[in-house]
Amino acid sequence: MNPTVPVHVTRIHQVTPMIREFTLAALDAPLQPFSSGSHVIVQLPVEGRIIRNAYSLLNAPYEQHQYQIAVRLQENSRGGSQYLHENIQVGDTLNISAPLNLFSLNSQAQHHVFIAGGIGITPFLSHMKYLLHAGHSFELHYACRDGISNAYEDMLMQLFHDQVHIYSEKTQRRLDIDALLSQQSLGSHVYICGPERLIHAVVDCAQMLGWSKKRVHWEAFSSPAPGVAFDAVLSKSQRRIHVPGDFSLLEALEQEGIEVPNLCRGGVCGQCATSYSQGEVEHLDHYLTVQERSAQLMPCVSRAKQGHCLHLDL
Amino acid sequence: MMEAMHSTPRYQTVETLQWNAPKYVLVLQHAASAMTRQLTEMSKQHPQTVQLMLDSQQDPALAGLLHELETVLQQEKAGVRTVVCGDESFVWTVQQCLVGTGCLDEEISLIADSSSLQNPRKKVYCVHCGHTQHTVKDELCSCEQCQVELLIRSHFSERLGAYMGVCANAHQPMGALSV
């Protein structure tokens with residue numbers, strides 16, 4: 001299990017009306033080093049429970065004394081981002097996990113093509129600062145909305161003018177995925193972070209062009225979507241637990257003191273995959289294959305279908 | 001050859017090629033082989049195909065072919081598929097060149113033409129002295145550099161493009177030089 005690291009908030013910066021940047025520094029032990037593309041899980045006490053949200057680190061991996069995250073205020077969500085925006089002040093303590101990287105750069109790539117949608121810019125900030133230092137080739141394509149999700153636009157244009165392409169109302173440009181991918185040479189790898197429809201569009205286009213799946217890398221942290229409440233029977237421990245609509249199955253298990261190994265809590269890393277024997281599952285992860293889904297589920301995001309009770313091998 | 005293991009290469013066959021990518025490059029070792037003729041025929045159905053053929057089985061010809069291949073691929077865009085057909089020694093030499101230019105495994109089809117060729121060659125890496133050599137032998141060969149009699153294992157290194165050769169007789173650890 002990923003141990004908890006207490007950190008304190010040393011700076012809060014309002015990047016856009018919707019996006020706040022938090023700088024975190026060590027409290028007890030020095031911070032662990034990280035590679036570009038890493039994220040941390042931040043624990044947020046909201047309404048008597050702990051919500052765990054993943055945020056990419058956006059500072060350069062050479063800066064070992066601090067972590068920086070940027071949080072977009074999400075409306076109609078479980079309140080984690082709202083808590084960070086409204087309750088957290090400079091000097092406060094937060095509990096986070098050690099950094100983990102599920103979105104690292106491909107070491108064989110000769111050119112890195114980054115595609116960001118809105119707040120999905122954050123892991124690329126770290127990648128670009130690293131690549132600038134390492135002297136490797138890259139370009140950024142950033143689709144955003146002026147005044148809302150165009151975080152760091154000015155800084156990016158200043159630092160990386162020739163490598164950055166902004167798509168917004170202001171620039172009057174639209175991202176043409178097919179044109180962008182069609183012109184890539186054999187040494188290029190593409191990375192996407194942003195809304196699911198953007199990821200799908202790029203993945204589908206790459207497939208049409210004959211690309212190997214391993215040329216396309218993406219990261220999508222979806223907080224578990226609230227759903228319908230259901231019950232789960234734990235076959236091995238002979239218990240029955242209730243999963244409220246605004247709890248993920250993983251959170252409900254943790255609430256009952258049942259530890260399931262987990263890392264990303266967003267349906268991508270595969271750590272929490274759990275076997276089940278009965279019940280119909282609404283699979284919401286990006287990890288399990290169709291075959292695996294008949295016997296396994298990922299409790300961090302997946303739920304029972306309406307009216308079903310799940311029997312888990314726990 | 002010993003029993004296949006996890007690292008033993010599994011080659012594609014002419015029949016399982018999909019021909020569904022926008023563009024193909026064919027790299028062929030023997031103009032006269034049945035598989036080459038079959039591939040050439042199939043590729044005529046696909047409008048976007050480039051074909052490179054080895055014109056002699058001598059080493060300078062291979063170096064020339066690899067150079068030509070690199071030149072072709074530098075002009076190509078990501079997504080081009082490569083089909084390589086020849087003996088194992090040939091397909092893995094070409095594969096290393098392809099990987100070096102940025103092609104990924106799924107974008108490369110290797111077809112081992114071992115059945116229709118006379119004396120198909122493969123590469124063997126001597127784990128004792130680190131020498132890589134070509135051989136037509138199946139089970140045993142002698143290391144050209146350290147003379148150890150090698151058992152050709154089915155354990156294969158994709159990085160080296162070679163099967164692992166280990167001392168076949170522990171009582172003769174120096175091969176022919178053992179007394």
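Since this is a predicted model, take the numbers as computed values, not measurements. Residue numbers here run from 1 along each chain, matching the order of that chain's written sequence. Here every chain gets a letter starting at A, and every ligand a number starting at 1, in the order they are written. The predicted nature of this model means local features are confined to residues of pLDDT at least 70 and side-chain atom pairs, given and counted, to a pLDDT of 80 or more, with totals for whole chains, interfaces and linings taken over all residues. Neither water nor hydrogens contribute to the side-chain values; these are computed over all heavy atoms in the structure.

### Some words on the overall build of chain B
What counts is decided by this rule: Only runs of H or I of at least four residues qualify as helices and only runs of E of at least two qualify as strands under DSSP, and these elements are numbered from the N terminus. Note on method: radius of gyration uses C-alpha positions; expected globular size equals 2.2 Å times residues raised to 0.38. For the exposure calls, accessible area comes from a 1.4 Å probe over protein chains only, and a residue counts as buried if that area is under 20% of its type's maximum, exposed if over 50%, partly exposed in between. Here a residue-residue contact requires only that any non-hydrogen atoms of the pair lie within 4.5 Å. The Shrake-Rupley method, run with a 1.4 Å probe sphere, supplies the accessible areas, and residue values consider only the shown protein chains as cover. Asp and Glu are treated as the negative residues and Lys and Arg as the positive ones, with His and the ends of the chain left uncounted. Here the site of a charge means atom NZ of a Lys, CZ of an Arg, CG of an Asp or CD of a Glu.
Helix and strand content of chain B: three helices and nine strands. Of the regular secondary structure in chain B, the N- to C-terminal order runs β-α-β-α-β-α-β-β-β-β-β-β. Against the 2.2 N^0.38 benchmark of 16 Å for 179 residues, chain B shows a C-alpha radius of gyration of 18 Å, consistent with a compact globule. Each principal axis of the C-alpha atoms in chain B carries an extent, and together these give about 65 × 30 × 30 Å. The buried share of chain B, taken over its 179 residues, is 47%. Long-range contacts, defined here as pairs at least 24 residues apart, represent 61% of the contacts in chain B between residues at least 6 apart. When the accessible surface of chain B is summed, it comes to about 9300 Å², and 51% of that surface belongs to carbon and sulfur atoms. Averaged over its 12 positive side-chain charges, chain B has a centre that lies 2 Å from the centre of its 19 negative ones.

### Considerations on the nonpolar core
Stated precisely, the cut-off is as follows: What makes a nonpolar core is a set of buried Ala, Val, Leu, Ile, Met, Phe, Trp, Tyr and Cys residues whose side-chain atoms join them at distances within 4.5 Å. For the purposes of this description, domain bounds are those given by an automatic or database domain assignment.
Ranked by internal contacts, the top residues of the largest apolar core, which has 33 residues, are Val-27, Leu-69, Leu-73, Val-84, Phe-90, Val-94 and Leu-98 of chain B. Within the residue set of this core, elements represented by two or more residues are strand E1 (24-28), helix H2 (59-75), helix H3 (88-101), strand E4 (108-112), strand E5 (122-126) and strand E8 (149-157) of chain B. The leading source of residues in this core is H2 of chain B, at seven residues. Each of domain 1 (14-112) and domain 2 (122-167) of chain B contributes no fewer than three residues to this core. Discounting residues that sit within four places of it in the chain, Leu-98 of chain B has contacts with Leu-69, Leu-73, Thr-82, Val-84, Cys-103 and Ile-108 of chain B. Counting residues in each nonpolar core, the second largest holds 26 residues, with Ile-19, Ile-121, Val-164 and Ile-166 of chain A among its members.

### A word on the domain arrangement of chain A
Residues and elements named next belong to chain A. Let me state the cut-off plainly: Accessible surface is computed with a 1.4 Å probe, and the buried area is the amount of it that two parts give up when combined, taken over both parts together. One speaks of a salt bridge when a side-chain nitrogen belonging to Lys or Arg is within 4 Å of a carboxyl oxygen belonging to Asp or Glu. Side-chain atoms alone can form a polar contact between residues adjacent in sequence; in general such a contact is a pair of N or O atoms within 3.5 Å, and within protein one must be able to donate a hydrogen while the other accepts it. Residues are sorted three ways: Asp, Glu, Lys and Arg are charged, Ala, Val, Leu, Ile, Met, Phe, Trp, Tyr, Cys and Pro are nonpolar, and all the rest, Gly among them, are polar.
According to the domain assignment, chain A contains domain 1 (4-100), domain 2 (111-220) and domain 3 (230-312). Taking only C-alpha atoms into account, the centre of domain 1 sits 23 Å from that of domain 2. The interface of domain 1 with domain 2 comprises 19 residues on the first partner and 17 residues on the second. Across the interface of domain 1 and domain 2, roughly 1500 Å² is buried in total on both sides, 59% from carbon and sulfur atoms. On inspection of domain 1 and its partner domain 2, the count reaches zero salt bridges. The interface formed by domain 1 and domain 2 includes six residue pairs in polar contact (both at pLDDT 80 or more). Within the residue set of the side of domain 1 that touches domain 2, elements represented by two or more residues are strand E1 (4-16), strand E2 (19-26) and strand E5 (66-72). Partitioned by chemical class, the residues of the side of domain 1 that touches domain 2 number 11 nonpolar, six polar and two charged.

### A few points about the packing of aromatic side chains
Residues and elements named next belong to chain A. Quick note on the threshold: Think of it this way: a Phe, Tyr or Trp ring, Trp meaning its six-membered ring, pairs with another when their centres are within 6.5 Å, and the plane angle makes it stacked under 30 degrees, edge-to-face over 60, tilted otherwise. Look at NZ for Lys and CZ for Arg. If either is within 6 Å of the ring centre and within 35 degrees of the ring normal, a charge sits over the ring.
Applying the stated criterion across every chain, the model contains 12 aromatic pairs over all chains. With a centroid separation of 6.2 Å and 35 degrees between ring planes, the pair formed by Phe-114 and Phe-138 is classed as tilted. You can see Phe-114 sitting in strand E8 (residues 111-117) and its partner Phe-138 sitting in strand E9 (residues 137-143), a full 24 residues away along the chain. A residue is classified by how much of its surface remains accessible, and Phe-114, at 0% relative accessible area, is buried. Joined through ring pairs, the aromatic side chains of Phe-103, Phe-114, Phe-124, Phe-138, Phe-160 and Tyr-191 make up one cluster. Above the plane of the ring of Phe-247 lies Arg-49, whose end atom (NZ or CZ) is 3.7 Å from the centre. Looking at Arg-215, its charged tip hangs above the ring of Trp-211, at a distance of 5.9 Å from the centre.

### With respect to the pattern of salt bridges
Opposite charge on two side chains allows them to pair when their charged atoms are near. Residue and element names in this part refer to chain A. As enumerated under the stated definition, the model contains 16 salt bridges over all chains in all. The shortest N-O distance in the salt bridge between Glu-280 and Lys-305 comes to 3.7 Å. Of this pair, Glu-280 sits in the loop between strand E15 (274-278) and strand E16 (281-282) while Lys-305 sits in the loop between strand E18 (303-304) and strand E19 (310-312), and the two are 25 residues apart along the sequence. Looking at Glu-280, the relative accessible area reads 40%, which means it is partly exposed. Here Lys-305 falls in the partly exposed class, since its relative accessible area comes to 37%. Members of the salt-bridge network, linked through shared partners, are Arg-49, Arg-78, Asp-246 and Glu-251.

### A short note on the confidence of the model for chain B
We count it as follows: Looking at any residue, its pLDDT shows the predictor's confidence there, from 0 to 100.
In the predicted model, chain B carries a mean pLDDT of 91, and 98% of its residues have values of at least 70. In the model output, the complex is listed with pTM 0.86 alongside ipTM 0.84.

### Here we look at the environment of Glu-63 of chain A
All names here are of chain A. Note that Glu-63 resides in the loop between strand E4 (49-56) and E5. When its relative accessible area of 27% is taken as the criterion, Glu-63 is described as partly exposed. On a C-alpha basis, the gap between Glu-63 and Gln-89 in space is 22 Å, while along the polypeptide they are 26 residues apart. Setting aside chain neighbours within four positions, we find Glu-63 in contact with Phe-34 and Gln-68. Within the local environment of Glu-63, its side chain forms a polar contact with the side chain of Gln-66, the two groups lying 2.9 Å apart.

### Remarks on the interface of chain B and chain A
Many analyses report the size of an interface as the accessible area lost when the parts associate. The interface of chain B with chain A comprises 16 residues on the first partner and 15 residues on the second. The junction of chain B with chain A conceals about 1200 Å² of combined surface from both sides, 51% of it contributed by carbon and sulfur atoms. Between Lys-214 of chain A and Glu-106 of chain B there is a salt bridge; the shortest N-O distance is 2.8 Å. Counting across the interface, chain B meets chain A through eight residue pairs in polar contact (both at pLDDT 80 or more). Each residue belonging to the side of chain B that touches chain A can be placed in one class, and the counts come to seven nonpolar, four polar and five charged.

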